[in-house]
Amino acid sequence: TNPFVIAIDGPAAAGKGTLALRLADHYHLPHLDTGLLYRAVGRIMAERGFDLDDGELAGQIAAALDPDDLKHPSLRGHEAGEHASRVAVHPQVRAALIAFQRDFAGRAPGAVLDGRDIGTAICPQAPVKIYVTASPEVRARRRTDELAAKGRDVDYERILAEIRQRDERDSGRSTAPLKPAEDAVILDTSDLDREGAFTAAIAIVDDKW
Ligand code: C5P
């Protein structure tokens, strides 16, 4: 049988990452946070002082990416996310990262991948596609609370503006823009807590398992 791939896509701060981890744990499948690939490319570009808008160069960095590059502690941060979304617009970068992701997805017994284009471009044949979303206001609120809990001084309005800007960049790019696959189940978590989102996702997956 084909590997059982669970494709999780959605905008920034919708709760994809947490959900993907819990699903991977529940179904005993390996998990790939594909945002890390773009974050790693952005980090290397910025660190070397390269122009993030240089698609050729960014594509070369992406092609030479090493799995160890995904472990850098600074990748989770906000700035890395911004750099990631800027290099992610380049078709050269996206093309260079396809093989790694498909290879990960193609191994038995399956995998959970989360990102922006897993259901539409990376694994269009995935048996389960979930598009996790929530209103920009709810996502900004969650992100603000999360950062505040870490003791960071944060401003809700600024985070909301950044989330809107990230949505626009991710949805507006011409190569593999952020959008639900036609056969994706939309999971709007605006009125759900983590537990509620997990329960709803399990129901979606069990239906296809
Ligand atoms: O999900 P995360 O916040 O780590 O992603 C950072 C950025 O990387 C996104 O805003 C998006 O521009 C890009 N990305 C992408 N395709 C993916 C995963 C992430 O374009 N599959």
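- The chain appears in an unreviewed UniProt entry as Cytidylate kinase from Methyloraptor flagellatus.
- Among the UniProt annotations of the chain, the heading Subcellular location (unreviewed entry) holds the following wording: "Cytoplasm".
- What UniProt records for the chain under Sequence similarities (unreviewed entry) is the sentence "Belongs to the cytidylate kinase family. Type 1 subfamily."

**Focus on the overall build of the chain**
- Helix and strand counts for the chain come out as nine helices and five strands.
- Element order for the chain, N to C, with α for helix and β for strand: β-α-β-α-α-α-α-β-α-β-α-α-β-α.
- Relative to the 2.2 N^0.38 estimate, which gives 17 Å for 209 residues, the radius of gyration of the chain is 16 Å and therefore close to what a compact globule would have.
- A total of 209 residues make up the chain; the buried ones form 48% of that total.
- A fraction of 79% describes how many contacts in the chain between residues 6 or more apart in sequence connect residues 24 or more apart.
- When the accessible area of the chain is evaluated, it comes to approximately 10,500 Å², of which 50% is carbon and sulfur surface.
- Separation of charge centres in the chain, based on 27 positive and 34 negative side chains, amounts to 1 Å.

**So, the site of the ligand**
- Surrounding the ligand, one finds 14 residues, the nearest of these being R39, R94, R116, R166 and D170.
- A distance of 2.6 Å separates an oxygen atom of the ligand from a polar atom in the side chain of R39.
- When the free accessible area of the ligand is taken as 450 Å², the share hidden by the protein chains comes to 95%.
- Looking at the shell around the ligand, the elements with two or more residues in it are α2 (35-47), α4 (78-87) and α8 (156-172).

**Description of the sheet that holds strand β4 (residues 128-133)**
- Overall, parallel pairing links the five strands, which are arranged β2-β3-β1-β4-β5 in an open sheet. Every other strand in the sheet has two partners, leaving β2 (31-33) and β5 (185-188) as the edge strands with one partner each. The mean angle between the axes of side-by-side strands here comes to 20°, regardless of whether they run parallel or antiparallel.
- Contacting β1 (4-9), β2, β3 (110-115), β4 and β5, helix α1 (residues 16-27) crosses the sheet at an angle of about 175° to β3.

**Focus on the confidence of the model for the chain**
- On average, residues of the chain carry a pLDDT of 96, and 100% of them reach 70 or more.
- Confidence estimates for the predicted assembly give a pTM of 0.95 and an ipTM of 0.98.

**Considering the pattern of salt bridges**
- Counting across every chain of the model gives 17 salt bridges.
- Across the salt bridge formed by R43 and E47, the nearest N and O atoms sit 2.5 Å from each other. Here R43 pairs with E47, and both are found in helix α2, just four residues apart, close to one helical turn.
- Note that R143 is salt-bridged to E146, the shortest N-O span being 3.7 Å. Of this pair, R143 and E146 are both found in helix α7 (residues 136-149), three residues apart, which corresponds to roughly one turn of the helix.
- On the basis of relative accessibility, which here comes to 28%, the residue R143 falls in the partly exposed class.
- One continuous salt-bridge network, built from bridges that share partners, spans E82, R166 and R169.

What counts, and at which threshold
Residues numbered from 1 in each chain as written. Predicted model: local features only at pLDDT ≥ 70, side-chain atom pairs only at ≥ 80, totals over all residues. Heavy atoms only, no water. UniProt positions renumbered as here; feature names shortened; annotations may be inferred. Helix = DSSP H or I, 4+ residues; strand = E, 2+ residues; numbered from the N terminus. Rg over C-alpha atoms; globule rule 2.2 N^0.38 Å. Buried < 20%, exposed > 50% of the residue type's maximum accessible area, 1.4 Å probe, protein only. Contact = heavy atoms within 4.5 Å. Areas by Shrake-Rupley, 256 points an atom, 1.4 Å probe, with all protein chains shown as cover. Lys, Arg positive; Asp, Glu negative; His and termini not counted. Charge placed at Lys NZ, Arg CZ, Asp CG, Glu CD. Near = heavy atom within 4 Å. Polar contact = N/O pair within 3.5 Å; in protein donor to acceptor, adjacent residues only side chain to side chain. Pairing = 2+ DSSP bridges. Axes fitted to C-alpha atoms, helices over the stretch in contact; angles between N-to-C directions. pLDDT = per-residue confidence, 0-100. Salt bridge = Lys/Arg side-chain N within 4 Å of Asp/Glu carboxyl O.

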